[in-house]
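# Residue-level structure breakdown
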Amino acid sequence: MPVISDCLCVVCKAADLSIDESSLTGETSPCGKSTAPQPAATNGDITSRSNVAFMGTLVRCGKAKGIVIGTGENSEFGEVFKMMQAEEAPKTPLQKSMDLLGKQLSLYSFGIIGVIMLVGWLQGKHILDMFTIGVSLAVAAIPEGLPIVVTVTLALGVMRMVKKRAIVKKLPIVETLGCCNVICSDKTGTLTKNEMTVTHLFTSDGLHAEVTGVGYNNAGEVILDGEVIHGFSNSSISKIVEAGCVCNDAVIRNNTLMGRPTEGALIALAMKMGLESVQQEYIRREEHPFTSEQKWMAVKCVHRTQQDKPGVYFMKGAYELLIRCCTTYNSKGLALPITQQQRELYQQQKMYMGTAGLRVLAFASGSEMGQLTFLGLVGIIDPPRTGVKEAVGALISSGVAIKMITGDSQETAVSIASRLGLYSKGSQSLSGEEADQMDIQQLSRVVPRIAVFYRASPRHKLKIVKSLQNIGAVVAMTGDGVNDAVALKAADIGVAMGQTGTDVCKEAADMILVDDDFQTIMSAIEEGKGIYNNIKNFVRFQLSTSIAALTLISLATLMNFPNPLNAMQILWINIIMDGPPAQSLGVEPVDKDVIRKPPRNVKDSIITRSLIVKILVSSFIIVCGTLFVFWRELRDNVITPRDTTMTFTCFVFFDMFNALSSRSQTRFVHEMGLCSNKMFCYAVLGSIMGQLLVIYFPPLQKVFQTESLSIFDLIFLIGLTSSVLFVSEAIKKIERGRERNQKPEAFFHEV
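Below: a short report on this structure. (Residues numbered from 1 in each chain as written. Predicted model: local features only at pLDDT ≥ 70, side-chain atom pairs only at ≥ 80, totals over all residues. Heavy atoms only, no water.)

## Thoughts on the overall build of the protein chain
Regarding its fold elements, the protein chain presents 29 helices and 25 strands. In summary, the protein chain has a C-alpha radius of gyration of 35 Å against a globular reference of 27 Å for 751 residues, an excess of more than 25%. Across its three principal axes, the protein chain shows a C-alpha extent of roughly 120 × 55 × 45 Å. Partitioning the contacts of the protein chain with sequence separation of at least 6, the portion at a separation of at least 24 is 71%. Split by element, the accessible area of the protein chain, about 32,800 Å² in all, is 59% carbon and sulfur. One way to put it: in the protein chain the 72 positive side-chain charges average out to a point 2 Å from where the 70 negative ones average out. (Helix = DSSP H or I, 4+ residues; strand = E, 2+ residues; numbered from the N terminus. Rg over C-alpha atoms; globule rule 2.2 N^0.38 Å. Contact = heavy atoms within 4.5 Å. Areas by Shrake-Rupley, 256 points an atom, 1.4 Å probe, with all protein chains shown as cover. Lys, Arg positive; Asp, Glu negative; His and termini not counted. Charge placed at Lys NZ, Arg CZ, Asp CG, Glu CD.)

If you want it as structure tokens, here you go:
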């Protein structure tokens, strides 16, 4: 039952009130409530307020009356929401890169066009002609197609993510994941299922059994020495399961728990062994309910077929308290006196399970309280989700650091982190209270070495995210509870769980994982890197074409040549440059090896040194080839429609081969497959058909001032213009050879 407002408990009836606060605090075990006054928490730790029931939490068991002390925005739930509203989402790295690139290109282009117009006017050319050429060059040089390509590429990325069961609320976030180098993940409900599960059994006569399966269902088995135990095939194990099932108030219906998570884990254990019906075989005559003070529960029952016989006590609880009530232990069905050696063995096993992060419960049964027979121990944990360990390994190997932030205890948090490969020898953990004692600068210095943050409140999570951003990290924060909402809003990428996530959490997030699968984040990072590469491919193609067009007109003007291209031809080149061939570069399929590459540094410009070399080499080849054709046709020093047609067609064909080489900065064309991007094939084919219409269709010949070319002219132009493709492929070959000889760069693991 949900709590609808913050309440101060004044009267507790029957059994202790137990409330599941995992959505607010991250603590997996229900919190016991009492009427005892509590001192005000100086560090904002709401888990210490055991006399307050918080709005949005769930009552697991017990009854109580309370005074309403806060509703709506005045509740603890509302405080988190107000903190979230106060946080502003940061601008994405892609938005910053695009803003800077657009400004730089516009500034340089207008400067060069202004110089061209001024020089032409000083040479005595008609000012109106130079103005027309200037406007045409401005249209061609300014990358007005860039916002379209970026938007379409991101939108297609979002659509692909939907197929992978992830909803992206903001377009730029998809690409931001590609440069994410730190993932701060909540534990409960994100890395784990928030479903307590029995994983180990230790019987009083020394048998160790393992339990498989996760959650409140019958999926899984009890395995002893490689053999599956079912029903009463092993009396020592079945006695523990029987006691846990009978001394229990929880019910599981349709894989949904009603009751305490710990008791639900015991019912699920009985279901795996086919013993869940044992609960109905006994009639309860007496009950000693569990309380947070006594830390044990006992019931006196009689079997339905033996109601005339004395009852049997079944007891479960903390080992230290339960062992005091035991005088014998079960050994293959026989009750033998407990020796000091046995007690030391049980204590050793209890400590072993505890250090592994398991919650340990002990079981006993007998005819009299105080003279019970010890049955054994079980270890319970909220286990990791399936596939999370593999996803974590893949992300760490690609240079993404993962940090666990949880409200749970240190032992439990470190245990889960160790199972997932997040916490190893040399790793460190830090509590929320310790983080409170540091300012942002101090925390920024130690945060790279910390793998696990435990007992963390919403304020602590926000501080951790800020400290990571302070040292230049791009932070993705995952979570499902109200306590995660503020950090989700402040992080560069907020990722919420779709099934277990609260509404506040989903509202704050940028991306929602529909099926709560952590592996989807890996797919999203892969998609983000692919999108950035596609945008980079487009930028390379457009800049090489723009620089070639500007250089061609600049050289012709400076050398006092007639303009090799007229205004209409320049505009047609612009249509090709910003049109279908360019747009189709944005839908290039994502390279499967991209996840293995480290995250890019957000401080790096989208135009890297390698990209500049490729742009300049392509532009140089296009300009030299086009000027060669223009010079070859202009031998009589009289410009004719044939001269401009050959020059114009040469430039367009150069564009097509340049677009083909721009499909990838690292892979060869034959590796990608000529037709792997069908949209690109259709776009290039359409552009070539359009160019042929401009050359051979009479109405268009008049508009563009062209004339028909022979088949030999076209073959000559294709042979010449393909040179830009072969040179680009040669550069890729050289770069690949250099990468093999270089040592791999150290990834940003410490963060």
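Additional details are given in the paragraphs that follow.
## Here's the deal with the nonpolar core
Grouped together as the largest cluster of nonpolar side chains are 120 residues, with contacts concentrated most on Ile183, Phe374, Phe518 and Val539. The element that contributes the greatest number of residues to this core is helix α20 (residues 519–558), accounting for 14 residues. Residues in contact with Val539, not counting those within four places in the same chain, are Leu101, Leu146, Ile606 and Ile607. (Core = buried A, V, L, I, M, F, W, Y, C linked by side-chain atoms within 4.5 Å. Buried < 20%, exposed > 50% of the residue type's maximum accessible area, 1.4 Å probe, protein only.)

## Let's talk about the pairing of strand β7 (residues 197–203)
Burial analysis of β7 places 6 of its 7 residues in the buried class, the great majority of the element. Two strands pair when backbone bridges link them, and β7 and strand β8 (residues 208–211) are joined in this way by 3 bridges, in the antiparallel orientation. The residue of β8 that forms the bridge with Phe202 is His208. Remark: 4 residues form the turn of the hairpin made by β7 and β8, two consecutive strands paired antiparallel; Gly206 in that turn has positive phi of roughly 90 degrees. (Pairing = 2+ DSSP bridges.)

## Quick notes on the packing of helix α13 (residues 388–397) against α20
One way to put it is that α13 packs onto α20 with a least axis distance of 8 Å and a crossing angle of 30 degrees. In terms of axis orientation, α13 runs roughly parallel to α20. Here Ala391, Ala394 and Leu395 of α13 come into contact with α20, specifically with Gln519, Met522 and Ile525. In terms of residue class, the contact of α13 with α20 is made up of 5 nonpolar, 1 polar and no charged. (Axes fitted to C-alpha atoms, helices over the stretch in contact; angles between N-to-C directions. Parallel < 35°, antiparallel > 145°, perpendicular 65-115°, else oblique. Nonpolar A, V, L, I, M, F, W, Y, C, P; charged D, E, K, R; others polar.)

## A closer look at the environment of Ser427
Position of Ser427 among the secondary structure elements: in the loop between α14 (410–420) and β21 (428–431). Expressed as a C-alpha distance, the spacing of Ser427 and Val452, which sit 25 residues apart in the sequence, is 8.4 Å. Setting aside residues no more than four positions away along its own chain, Ser427 makes contact with Leu422 and Ala451.

## What about the packing of aromatic side chains?
Counted under the stated rule, the structure contains 7 aromatic pairs. Seen in terms of ring centroids, Tyr346 and Phe374 are 4.5 Å apart; in terms of plane orientation they differ by 35 degrees. Their pairing is tilted. Here the residue Tyr346 occupies a position in helix α12 (residues 340–355), and Phe374 occupies one in strand β19 (residues 372–381), the gap between them amounting to 28 residues. A single burial state applies to Tyr346 and to Phe374, both of which are buried. Ring pairing ties together the aromatic residues Phe202, Tyr319, Tyr346 and Phe374, which thus form one cluster. (Phe/Tyr/Trp six-rings, centres within 6.5 Å; stacked < 30°, edge-to-face > 60°.)

## Thoughts on the pattern of salt bridges
Should the charged atoms of two oppositely charged side chains come close, the side chains can pair. Counted under the stated rule, the structure contains 17 salt bridges. Here Glu527 and Lys164 are joined by a salt bridge, their closest N and O atoms 3.7 Å apart. Within this pair, whereas Glu527 is found in helix α20, its partner Lys164 is found in the loop between α5 (145–163) and β5 (166–168), the two being separated by 363 residues in sequence. Judged by relative accessible area, which is 3%, Glu527 ranks as buried. Classification of Lys164 by relative accessible area gives partly exposed; the value is 31%. For the salt bridge of Arg284 with Asp249, the shortest nitrogen-to-oxygen distance reads 2.8 Å. (Salt bridge = Lys/Arg side-chain N within 4 Å of Asp/Glu carboxyl O.)

## Quick look at the sheet that holds β5
Paired through their backbone hydrogen bonds, the strands of a sheet run either parallel or antiparallel. Spatially, the 8 strands line up as an open sheet ordered β5-β25-β24-β23-β6-β20-β22-β21, and their pairing is mixed. For this open sheet the edge positions go to β5 and β21, each flanked by a neighbour on one side alone. This sheet shows a mean twist of 20 degrees between the axes of neighbouring strands, independent of strand direction. Sheet strands in contact with α14 are β20 (401–405), β21 and β22 (450–454), and its direction is about 140 degrees off that of β22. Contacting β5, β6 (182–186), β23 (475–479), β24 (493–497) and β25 (511–513), α20 crosses the sheet at an angle of about 140 degrees to β25.

## Observations concerning the environment of Gly62
Within the secondary structure, Gly62 sits in strand β4 (residues 58–70). Residue Gly62 is classed as partly exposed on the basis of its relative accessible area, which comes to 31%. The spacing of Gly62 and Ile323 is 261 residues in sequence and 27 Å in space, taken between C-alpha atoms.

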